[in-house]
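Observations on the three-dimensional arrangement
In case you want the letters, here they are:
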Amino acid sequence: MYDYIKGKVDYIGPEYIVVENGGIGYQVMTPNPFIFSAQYQKEIQVFLYHYVREDLAALYGFQTRQEKALFTKLLNVTGIGPKGALAILASGQVDQVVQAIENEDESFLVKFPGVGKKTARQMILDLKGKLENIIPDAFPSLFNEGVTAAISPNGYTEELDEAILALKALGYSEKEVQKVAKKLQAEDMTTEQYIKKALQMMLR
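Residues numbered from 1 in each chain as written. Predicted model: local features only at pLDDT ≥ 70, side-chain atom pairs only at ≥ 80, totals over all residues. Heavy atoms only, no water.

Turning our attention to the pairing of strand β2 (residues 16–21). In the sheet, strand β1 (residues 4–12) pairs with β2 via four bridges, with the strands oriented antiparallel. By the bridge assignment for β2, Ile12 is matched with Ile17. Between β1 and β2, which follow one another and run antiparallel, lie three residues. (Pairing = 2+ DSSP bridges. Helix = DSSP H or I, 4+ residues; strand = E, 2+ residues; numbered from the N terminus.)

See below:
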């Protein structure tokens, strides 16, 4: 029904922001309202999802279409409601969530509030393989095809270095990451391929 709203940020609270448009203040629930602090009293664009059920009608807002798309998909997973979906998106790392689902990383998914092993498994069953086309820009910094190889001080290529950072962001320890990085050092891959191969090795 609604795609987005443009207006002035009139209020920022723990659960929502108020966007004023045409003299009307719209209460918009967001994953992290305080991320809009720098835009207080300024005009912004927020992508909206209008959630309606018998006892509730609410607007949920996101900074990007990617966040909105993932939120919509999460709502289709049994055991996840709007509050749970917001908690998952609150980290601001859409790419991490998508990668965890694609690589069946339950240990990462259960870190979110309200997500136990059963719900994490349901997320993977329902969403794996269904997010790439919906969120094509979820990996702008992690997956760079055709980048000229550069060697970092530790002897790794730029792509492998980026993969290492991504793996650490997923919650893997320095020891675990370095162990697989040394094995992958001789490979010539894109960042995406390094990450997928590393996760396969660590999940064995």
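Text resumes after the structure shown.
Let's shift gears to the UniProt feature "domain: Helix-hairpin-helix DNA-binding motif class" (unreviewed entry) in the chain. The feature "domain: Helix-hairpin-helix DNA-binding motif class" (unreviewed entry), as annotated in UniProt, sits at residues 72–91 and 107–126 in this numbering. Taken end to end, residues 107–126 is 65% helix and 0% strand, and its first and last C-alpha atoms sit 17 Å apart. (UniProt positions renumbered as here; feature names shortened; annotations may be inferred.)

Take the nonpolar core next. Counting 29 residues, the largest nonpolar core has Tyr60, Leu70, Phe71, Leu74, Ile88, Leu109 and Met123 as its most contacted members. Where this core is concerned, the elements lending two or more residues are β5 (56–62), α1 (65–75), α2 (82–89), α3 (94–102), α4 (106–109) and α5 (117–127). For this core, the leading source of residues is α3, giving five residues. Ignoring anything within four residues of it in the chain, the contact list for Met123 reads Leu74, Val77, Ile80, Ile88, Ile101, Leu109, Val115 and Lys128. Listed in part, the 17 residues of the second largest apolar core include Ala163, Ala166, Val180 and Leu199. (Core = buried A, V, L, I, M, F, W, Y, C linked by side-chain atoms within 4.5 Å. Buried < 20%, exposed > 50% of the residue type's maximum accessible area, 1.4 Å probe, protein only. Contact = heavy atoms within 4.5 Å.)

The full count for this structure, using the stated rule, is seven aromatic pairs. Ring centres 6.2 Å apart and planes at 70 degrees place the aromatic pair Tyr4 and Phe47 in the edge-to-face group. A residue pair is termed long-range when its members are at least 10 positions apart, and Tyr4 in strand β1 and Phe47 in strand β4 (residues 43–53) qualify at 43 residues. Judged by its relative accessible area of 41%, Tyr4 is partly exposed. (Phe/Tyr/Trp six-rings, centres within 6.5 Å; stacked < 30°, edge-to-face > 60°.)

Further remarks concern α2. Residues of α2 that are buried: Pro82, Ala85, Leu86, Ile88 and Leu89. Down the axis of α2, the sector holding all buried residues measures 160 degrees, keeping them to one side. Turning to α2, the residues buried within the fold contact β3 (24–29), β4, β5, α1, α3 and α5. (Arc of directions from axis to C-beta.)

Using the criterion set out here, one finds seven salt bridges in the structure. Of the charged contacts, one joins Asp55 and Arg53 as a salt bridge, the two residues approaching to 2.6 Å between their closest N and O atoms. According to the relative accessible area criterion, Asp55 is exposed, its value standing at 59%. One continuous salt-bridge network, built from bridges that share partners, spans Glu104, Glu106, Arg121 and Lys128. (Salt bridge = Lys/Arg side-chain N within 4 Å of Asp/Glu carboxyl O.)

Residues other than glycine seldom take positive phi values, yet Gln41 does so here, at roughly 65 degrees. Among the structural elements, Gln41 can be located in the loop between β3 and β4. Residue classification places Gln41 among the partly exposed positions, given a relative accessible area of 35%. In the Ramachandran plot, Glu104 falls in the positive-phi region, its phi being about 55 degrees despite a non-glycine side chain. Within the fold, Glu104 resides in the loop between α3 and α4. Overall, Glu104 belongs to the partly exposed group, its relative accessible area being 34%.

Moving on: the packing of α1 against α2. The relative placement of two packed helices comes down to the angle between their axes together with the axis-to-axis distance. Running from N to C, α1 and α2 point in directions that differ by 140 degrees, and their axes come no closer than 9 Å. Taken together, α1 and α2 sit at an angle that is classed as oblique. Regarding α1 and α2, the two cross each other, and that crossing is right-handed. Only Pro82, Ala85, Leu86, Ile88 and Leu89 of α2 make contact with α1, whose side of the interface consists of Glu67, Leu70, Phe71, Leu74 and Leu75. (Axes fitted to C-alpha atoms, helices over the stretch in contact; angles between N-to-C directions. Parallel < 35°, antiparallel > 145°, perpendicular 65-115°, else oblique. Left-handed = near helix turned anticlockwise from the far one by under 90°.)

Before going further, it helps to spend a moment on the packing of helix α7 (residues 174–184) against helix α8 (residues 191–202). It is at 10 Å that the axes of α7 and α8 come closest, and there the two elements cross at 120 degrees. Crossing handedness for the pair α7 and α8: right-handed. On α8, the residues that touch Glu176, Val180, Lys183 and Leu184 of α7 are Tyr194, Lys197, Ala198, Met201 and Met202. A class-by-class count of the residues in the contact of α7 with α8 yields six nonpolar, no polar and three charged. (Nonpolar A, V, L, I, M, F, W, Y, C, P; charged D, E, K, R; others polar.)

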